[in-house]
Amino acid sequence: MPNGADSIAPCPAAASLNPPVFLSSLASAQAPKPVAAYPSKAELLACLPTELTKINPVKAWGSLAMSLGISALAYGLGTMIPLQLSAAPLWLLYAVITGTVAGGCWVIAHECGHRAFHPNPRIEAVVGFLLHSLLLVPYFSWQRSHAVHHANCNHLEAGETHVPPRSDSSSGRFVDGARRQLGQRLYGVASLFTHLVLGWPLYLMFGVAGGEEYGSPTSHFTTAAPFRNGGRHLFPDSCRRLMVISNLGLLAMVAALVWASIHFSLARVLTVYGLPYLVINAWLVGYTWLQHTDTDIPHYSSRDWNWAKGALQTVDRPYGPVLNLLHHGIGSTHVCHHINPKIPHYNAWRASALLKKRFPDLVRYDSTPIHRALWRVATRCTVVSRRGIDGGFFYEPTSSN
């Protein structure tokens, strides 16, 4: 299998799955391009040397130690904050800082899912499973769905996450009607809340924002009815055993939290674990949302989609040195990550530079400050309709206010 291959491995080979994250790009407001302007998959892969996929154990384990160590320190400090209303500002600060640093553990687990952390797939699977279970993520189920996402990036029917509704669909008419009813500002606030606070659990439990071909709902926890009614099966029968293992990891973590609630207090667990958990999820959804969504980023139906076009419809953004250190560059090297997800994060910066040098007009980079980009996406990216010379579906323009 060539580096960056987009074929989807069955769940029994979950340790070898290569699911999805990152890159540095160039043009933010790009016009739709004709099919001939896009390189082939082979051309994209060829500009990234195989040596970039070589794993450096010192850097890999060092990154894990950094994220785990800072997270453990932050959580430990949280156990000393008093459970008093007067300490609310401290709890807010604690949640933001701890959730932000612990997000680095999520990124390392994600790297395990792509076979980019350790050359031994068993060790890698154990690390990814433990990290994601600690964060209440069903590791092997997520690994499968993430592989589907990478294989079908920006595909309207087969895409797996952040798939926008078409303007002429029932869901599209509902979303557009809600935006008109609420007004752009209020709709933006509601969109931020539903994405950043509710988005991750809704995705795991019900497959919200998934592609049309998988049916609705889908679930990362079961394939029983009614979670398997699409033309394609997001989780085929071969995934059931590892789905059960993923669920057992979550049950073990839930049991640990219940024990801690009894031994200490429910309030202490909700504040020390629960508050950062919300922030971690917000970072996760925020990164993914901004990597695949903006007013000028197209999605494609089956007739016009191909792997290279889809993989290049991602965008790198300026998160700054601190967040890039804590989150291992996940938001600033995403384009190259979609070209070859087996490239470890410490090699992604060089890969991004090479990709940008080779395809300067195709590698997207948007220098808009993150908070402004997030507001633009929340208020203006609602429904898509076909537009452009290459059959792309773009977000319909809305008045900016």
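Residues numbered from 1 in each chain as written. Predicted model: local features only at pLDDT ≥ 70, side-chain atom pairs only at ≥ 80, totals over all residues. Heavy atoms only, no water.

Caption draft 1: Highlighting a nonpolar patch on the surface. A contiguous nonpolar surface patch, about 330 Å² in accessible area, is contributed by Phe193, Val197, Leu198 and Leu278. With three residues, helix α7 (residues 184–206) is the single largest residue contributor to the nonpolar patch. Note on placement: valine 197 falls in helix α7. Judged by relative accessible area, valine 197 falls into the partly exposed class, the value being 35%. (Patch = residues over 30% accessible without salt bridge, like charges linked within 9 Å, V, L, I, M, F, W, Y side chains within 5 Å. Areas by Shrake-Rupley, 256 points an atom, 1.4 Å probe, with all protein chains shown as cover. Salt bridge = Lys/Arg side-chain N within 4 Å of Asp/Glu carboxyl O. Helix = DSSP H or I, 4+ residues; strand = E, 2+ residues; numbered from the N terminus. Buried < 20%, exposed > 50% of the residue type's maximum accessible area, 1.4 Å probe, protein only.)

Caption draft 2: Geometry of the side chain of serine 246. Relative to the helices and strands, serine 246 resides in helix α8 (residues 240–263). Since its relative accessible area comes to 0%, serine 246 is described here as buried. Each residue touching serine 246, except ones within four places of it in the same chain, is listed here: Phe129, Pro138, Tyr139, Phe140 and Ser141. (Contact = heavy atoms within 4.5 Å.)

Caption draft 3: Main features of helix α3 (residues 88–113). Between the first and last C-alpha of α3 there are 37 Å, a value that for 26 residues agrees with the 38 Å anticipated at 1.5 Å per step. Count one or two residues on from α3 and you reach arginine 115, which has phi positive near 60°. (Expected span 1.5 Å × (residues − 1).)

Caption draft 4: Local environment of the confidence of the model for the protein chain. Residues at a pLDDT of 70 or more form 90% of the protein chain, whose mean pLDDT is 90. Across residues 1–6, confidence stays below pLDDT 50; counting only partners more than four residues off in sequence or on other chains, it has 18 contacts. Here residues 13–31 scores under 50 on pLDDT; set against residues more than four positions off or in separate chains, the count is 105 contacts. (pLDDT = per-residue confidence, 0-100.)

Caption draft 5: Structural context of the environment of alanine 147. Residue position: alanine 147 is located in helix α5 (residues 139–151). Using a relative accessible area of 3% as the deciding quantity, one classes alanine 147 as buried. Sequence separation between alanine 147 and histidine 114 is 33 residues, and the spatial gap between their C-alpha atoms is 8.2 Å.

Caption draft 6: Examining the packing of aromatic side chains more closely. The full count for this structure, using the stated rule, is twelve aromatic pairs. For the pair tryptophan 259 and phenylalanine 264, a centre-to-centre distance of 6.2 Å together with 90° between the ring planes defines the contact as edge-to-face. For phenylalanine 264, a relative accessible area of 55% puts it in the exposed group. A connected cluster of aromatic rings, assembled from ring pairs, spans Trp106, Phe129, Tyr139, Phe140, Trp142, Trp200 and Tyr203. Here lysine 41 stacks its cationic end above the ring of tryptophan 307, 4.9 Å away from the centre of that ring. Between the NZ or CZ atom of arginine 166 and the centre of the ring of phenylalanine 393, over which it lies, the distance is 5.2 Å. (Phe/Tyr/Trp six-rings, centres within 6.5 Å; stacked < 30°, edge-to-face > 60°. Lys NZ or Arg CZ within 6 Å of the ring centre and 35° of its normal.)

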